[in-house]
2 protein chains.
Amino acid sequence: MSSGPHHPTPRALLFDVFGTCVDWRTSIARQAGELGRRYGFDGVDWHAFADAWRARYQPQMETVRSGMREWATLDVLHRESLEDVLTEFGLRLRPDDCDRLTLAWHRLDPWPDTVGAFVRLRRRFIIAPVSNGHIALQVNLARHAGLTWDAILGAEIARAYKPDPHVYLRSVAALGLAPREAMMVAAHNGDLAAAARCGMQTAFVARPVEYGPHQSTDLLANEGVDLAAADLMALAELLGA
Amino acid sequence: MSSGPHHPTPRALLFDVFGTCVDWRTSIARQAGELGRRYGFDGVDWHAFADAWRARYQPQMETVRSGMREWATLDVLHRESLEDVLTEFGLRLRPDDCDRLTLAWHRLDPWPDTVGAFVRLRRRFIIAPVSNGHIALQVNLARHAGLTWDAILGAEIARAYKPDPHVYLRSVAALGLAPREAMMVAAHNGDLAAAARCGMQTAFVARPVEYGPHQSTDLLANEGVDLAAADLMALAELLGA
């Protein structure tokens, strides 16, 4: 990458996590399916179940972003939306199983390139999640997936949800950096656009099956993104790590 | 250790850092001495300089604890107190060198047992600092000292300084744990007493030369501390890690 005044080598790489580092769809479908089979539920499309659960994610966070409700962790939001999804699919689970299934979002598997790329990237850069996942979720997820972060930043320290600029700005400030010294890494152009508006550098990582085989959005980086890579290993290569 | 209802095996070990994990006195004396020699300062006792700087630490944090001033990071507090120490020692540094020397607190060396013990402890427990150091300081310190944390908790996420109970309680809550599920590890009985009042388990680690060869306080654990160990490797042993 160029490293003139407009693109100084970043000191920190700040990562989106769901979709960018870990494969939530396959992981949620598997865990929900395992639980469903114990209940004897037949003929359920568990990938559709995962998609339906995820589809409630943005509207729910919007209730926080709009000020309609106080900031609450994703455990709270995921638990509430699980009830709706179960109703939509005509399924019933015991409340304690709902609680346990909510924590499936703490146990998502990494994409095949993530763990190796993190080892390389962390040698050269400070790396931290700037995710909408709260601290406990990110701690559990990192231990499950074999990731090593330098700190857990993101929604909880800002008590706000991306793309609220406070999440990016509070995270960068927590590292004692200016926005230009940090690079947001995400598989989602909307996340990168919001980070860029805060003055951060941006890197797009392609995750063309995050939403399944028929994904039609976020297949390519939008114009204005600083770097684009096929996966995190390719990003490490581009950054000379 | 016993693991009855009063002493469940902790899920997380939360660490004091300055003195408990790293040797601030030797590290500050060395870095201040290196800078002082470049200025040609002669005959300065740099260990006394480190002690004088550290002596201003509690009174300064007290201005935050008492509500006299808003929460400010240790970089701000250390930078202010450095001026006083330089005056006391009759020394003058350029402002940019004062800024750089302030960051010596981000580059403290670990005690000889710390790094090895952390590798063992992290296999079995979530480990995080609950220190008065802010996130940027802890990130830099961990990278300098070769420590790997699961998250950076402590003063900054609570915007308060230990022994304010909010620091302990906010840190435990960020992990989604009850206080009894977390164990505070420190070389300072006062820190452990405050953690115990919040309901945490406590482990004392002896650092008998933290304050130099004539240290007279915190040589032994006070009554009521749950575990006492000669160093962090001995603590790993006691905890079966």
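Residues numbered from 1 in each chain as written. Chains lettered and ligands numbered in written order. Predicted model: local features only at pLDDT ≥ 70, side-chain atom pairs only at ≥ 80, totals over all residues. Heavy atoms only, no water.

## Quick look at the side chain of Ser171 of chain A
Residues and elements named next belong to chain A. Within the secondary structure, Ser171 is located in helix 9 (residues 165–174). We classify Ser171 as buried; its relative accessible area is 0%. Excluding anything up to four places from it in sequence, Ser171 contacts Val130, Leu153, Gly154, Ile157 and His166. (Helix = DSSP H or I, 4+ residues; strand = E, 2+ residues; numbered from the N terminus. Buried < 20%, exposed > 50% of the residue type's maximum accessible area, 1.4 Å probe, protein only. Contact = heavy atoms within 4.5 Å.)

## Let's talk about helix 9 (residues 165–174) of chain B
Residues and elements named next belong to chain B. Those residues of helix 9 that sit buried are Val167, Tyr168, Ser171, Val172 and Ala174. Projected onto a plane normal to the axis of helix 9, the buried residues spread over an arc of 160 degrees and lie on a single side. In the stretch just after helix 9, Gly176 is the one whose phi turns positive, near 70 degrees. (Arc of directions from axis to C-beta.)

## Here's the deal with the interface of chain A and chain B
The partner chain B presents 23 residues to the 23 residues of chain A that form the contact. Summed over both sides, the interface between chain A and chain B buries roughly 1600 Å², with carbon and sulfur atoms accounting for 50% of that surface. In this structure, the connection of chain A to chain B is made through 4 salt bridges. Two residues, Glu156 of chain A and Arg170 of chain B, come together in a salt bridge whose shortest N-O distance is 2.7 Å. Our count for the contact surface shared by chain A and chain B stands at 10 residue pairs in polar contact (both at pLDDT 80 or more). Those elements that provide at least two residues to the side of chain A that touches chain B are helix 6 (114–124), helix 7 (135–145), helix 8 (155–158) and helix 9 of chain A. Partitioning the side of chain A that touches chain B into residue classes produces 13 nonpolar, 3 polar and 7 charged. (Buried area = accessible area lost by both parts, 1.4 Å probe. Salt bridge = Lys/Arg side-chain N within 4 Å of Asp/Glu carboxyl O. Polar contact = N/O pair within 3.5 Å; in protein donor to acceptor, adjacent residues only side chain to side chain. Nonpolar A, V, L, I, M, F, W, Y, C, P; charged D, E, K, R; others polar.)

## Regarding the sheet that holds strand 2 (residues 126–131) of chain B
Hydrogen bonds between backbone groups are what pair the strands of a sheet, and the pairing can be parallel or antiparallel. Residue and element names in this part refer to chain B. Pairing in this open sheet of 6 strands is parallel, and the strands run 3-2-1-4-5-6 from one edge to the other. At either end of the open sheet lies a strand with only one pairing partner, and these are strand 3 (153–154) and strand 6 (227–229). In this structure, strand 2 lies alongside strand 3, joined through 2 bridges in parallel fashion. Across the sheet, the residue bridging to Ser131 is Gly154, located in strand 3. (Pairing = 2+ DSSP bridges.)

## Some thoughts on the pairing of strand 5 (residues 201–205) of chain B
Residue and element names in this part refer to chain B. Of all 5 residues making up strand 5, 5 are buried, and the element is well covered by its neighbours. Covered by surrounding structure in strand 5 are Gln201, Ala203 and Val205 together with Thr202 and Phe204, the residues of both alternating faces. Two elements, strand 4 (residues 182–186) and strand 5, share 4 bridges in a ladder whose sense is parallel. For Met183, the partnering residue across the bridge sits in strand 5 and is Gln201. With respect to chirality, the unit in which strand 4 leads through helix 10 (residues 189–197) into the neighbouring parallel strand 5 is right-handed. (Right-handed = clockwise from strand over helix to strand, strands pointing away.)

## Remarks on the domain arrangement of chain A
Residues and elements named next belong to chain A. Taken as a whole, chain A is organised into domain 1 (12–23 + 109–238) and domain 2 (24–106). Placing the centre of domain 1 and that of domain 2 at their C-alpha centroids yields a distance of 23 Å. On the side of domain 2, 19 residues touch domain 1, which itself brings 24 residues to the contact. Together, Phe18, Asp23 and Tyr161 form the three largest contributors to the area buried by domain 1 at its contact with domain 2, with a combined 36%. With a closest N to O distance of 2.8 Å, Arg30 and Asp109 form a salt bridge. For the interface between domain 1 and domain 2, the tally reads 13 residue pairs in polar contact (both at pLDDT 80 or more). Secondary structure elements with two or more residues in the side of domain 1 that touches domain 2: helix 7 and helix 8. Considered class by class, the residues forming the side of domain 1 that touches domain 2 number 11 nonpolar, 7 polar and 6 charged. (Domains from an automatic or database assignment.)

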